[in-house]
Amino acid sequence: MDLNKFELKKSYLSKTQYSHGWIVSLSFILVIIVFSNIYWENFFDFNFLLEASHKEVLVKNKYWKAWTTTLIHGDTTHLLSNSSMLLFWGFMSAAYYGPIFYPLVSFFINGLLTILVLNFYPENTILLGSSGLVFFLGGHWVTLYIFIDRQFSLPKRLFKAFGVALILFFPSTFSPNTSYLAHYIGLVGGIVFGAGHFFYKKN
C-alpha cells in the first residue's frame, strides 16, 4: 500500500477535532433565547440597553450594544430562523476549530463588524439579531474548506463551496426589514478571517 496516497485521503476536516461541539452550540443558543425574552418582556426598560443603532453606538459611544444586539431578536420567527442556522454553524465551528474560536473570537469580531455596518444606516435604525454572526461563521467555514480539504481538486472544492453559498447565503425572497448589508459584511468578514486563520495556523 502506498502510505502517502492513503494519507492524502484524509484532512483536518475528516473528523471533528474538539468534543462537546453540540453542547457549546446549544449553550450559546440558550443565551440568545434568554436575552431575547428579556428584550421582549421589557424588564425595567432593560431592552433599551441591548439594542444597537447608529446613534446609540456611534454618536453616544455605547459600543457594548454592538455585541448585546447580536443576542436579541425582534420576534419568535426571527429567533427561530437565526437559531436554527446558528446551531448548525456553531456546532461546525466549535467542533472543528474549538470553543475559543466559537463563540468567543467569532462573537467579538462580529461586534466589530456590527459597528462597521451601523456606519451605513440612519441614526435611529435599530439593528438586531445574530444573522451577521451566522454569515460570518459560514464564510469562515467555507473558506477554510477550500483551503484545507485538498483530497479533492480545487475546481471540485470551489464548486461545492459555491453550491453551499448559493443555497445558504442567498435569499429566495427579500424582506424590507432584513439587513442584507449586515449579512454580507458578515460573510465577507468570515471569508477574510478564514483566509487569515488558515495561513496563521497552516502547519
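The sections below set out a description of the structure shown in this document. (Residues numbered from 1 in each chain as written. Predicted model: local features only at pLDDT ≥ 70, side-chain atom pairs only at ≥ 80, totals over all residues. Heavy atoms only, no water.)

On to the overall build of the protein chain, then. Scanning the protein chain for helices and strands turns up nine helices and two strands. When the helices and strands of the protein chain are placed in sequence order, the string is α-α-β-α-α-α-α-β-α-α-α. Computed over the C-alpha atoms, the radius of gyration of the protein chain is 18 Å, within 12% of the 17 Å expected from 2.2 N^0.38 for a compact globule of 203 residues. Here the C-alpha coordinates of the protein chain stretch approximately 70 × 30 × 30 Å along the principal axes. (Helix = DSSP H or I, 4+ residues; strand = E, 2+ residues; numbered from the N terminus. Rg over C-alpha atoms; globule rule 2.2 N^0.38 Å.)

Here we take up the nonpolar core. Counting 45 residues, the largest nonpolar core has Phe28, Leu86, Trp89, Tyr97, Tyr102, Leu137 and Trp141 as the members making the most contacts within it. Mapped by element, the contributors of at least two residues to this core are helix H2 (21-41), helix H4 (65-68), helix H5 (76-97), helix H6 (100-118), helix H7 (131-148), helix H8 (154-169) and helix H9 (180-200). Here this core takes ten residues from H7, the largest share from any one element. Not counting residues within four places of it along the chain, the set of residues in contact with Leu86 comprises Ser25, Phe28, Ile29, Ile32, Phe91, Tyr102, Ser130, Leu133, Val134 and Leu137. (Core = buried A, V, L, I, M, F, W, Y, C linked by side-chain atoms within 4.5 Å. Buried < 20%, exposed > 50% of the residue type's maximum accessible area, 1.4 Å probe, protein only. Contact = heavy atoms within 4.5 Å.)

Before going further, it helps to spend a moment on the pattern of salt bridges. As enumerated under the stated definition, the model contains three salt bridges in all. Here Glu56 ties to Lys60 by a salt bridge, and the two come within 3.2 Å at their closest N and O atoms. Here Glu56 ties to Lys65 by a salt bridge, and the two come within 2.7 Å at their closest N and O atoms. This pair shows no difference in class: Glu56 is buried, exactly as Lys65 is. It is possible to trace a salt-bridge network through shared partners that takes in Glu56, Lys60, Lys62 and Lys65. (Salt bridge = Lys/Arg side-chain N within 4 Å of Asp/Glu carboxyl O.)

Okay, unusual backbone geometry next. Geometrically, the link from Tyr102 to Pro103 is a cis peptide bond, its omega value of 15 degrees lying close to zero. Here Pro103 is to be found in helix H6. In this model, His20 sits at a positive phi of 65 degrees, which is unusual for a non-glycine residue. On the accessibility criterion, His20 (53% relative accessible area) is exposed. Of note in this structure, Asn61 is not a glycine but carries a positive phi near 60 degrees. Relative to the helices and strands, Asn61 is located in the loop between helix H3 (54-59) and H4.

It is worth spelling out the packing of H2 against H6 at this point. Contact geometry of H2 with H6 gives a least axis separation of 10 Å together with a crossing angle of 50 degrees. Between H2 and H6, the angle falls in the class oblique. In this structure, H2 uses Val24, Ser25 and Phe28 to contact H6, whose residues at the interface are Tyr102, Pro103 and Phe107. Of the residues belonging to the contact of H2 with H6, the class tally is five nonpolar, one polar and no charged. (Axes fitted to C-alpha atoms, helices over the stretch in contact; angles between N-to-C directions. Parallel < 35°, antiparallel > 145°, perpendicular 65-115°, else oblique. Nonpolar A, V, L, I, M, F, W, Y, C, P; charged D, E, K, R; others polar.)

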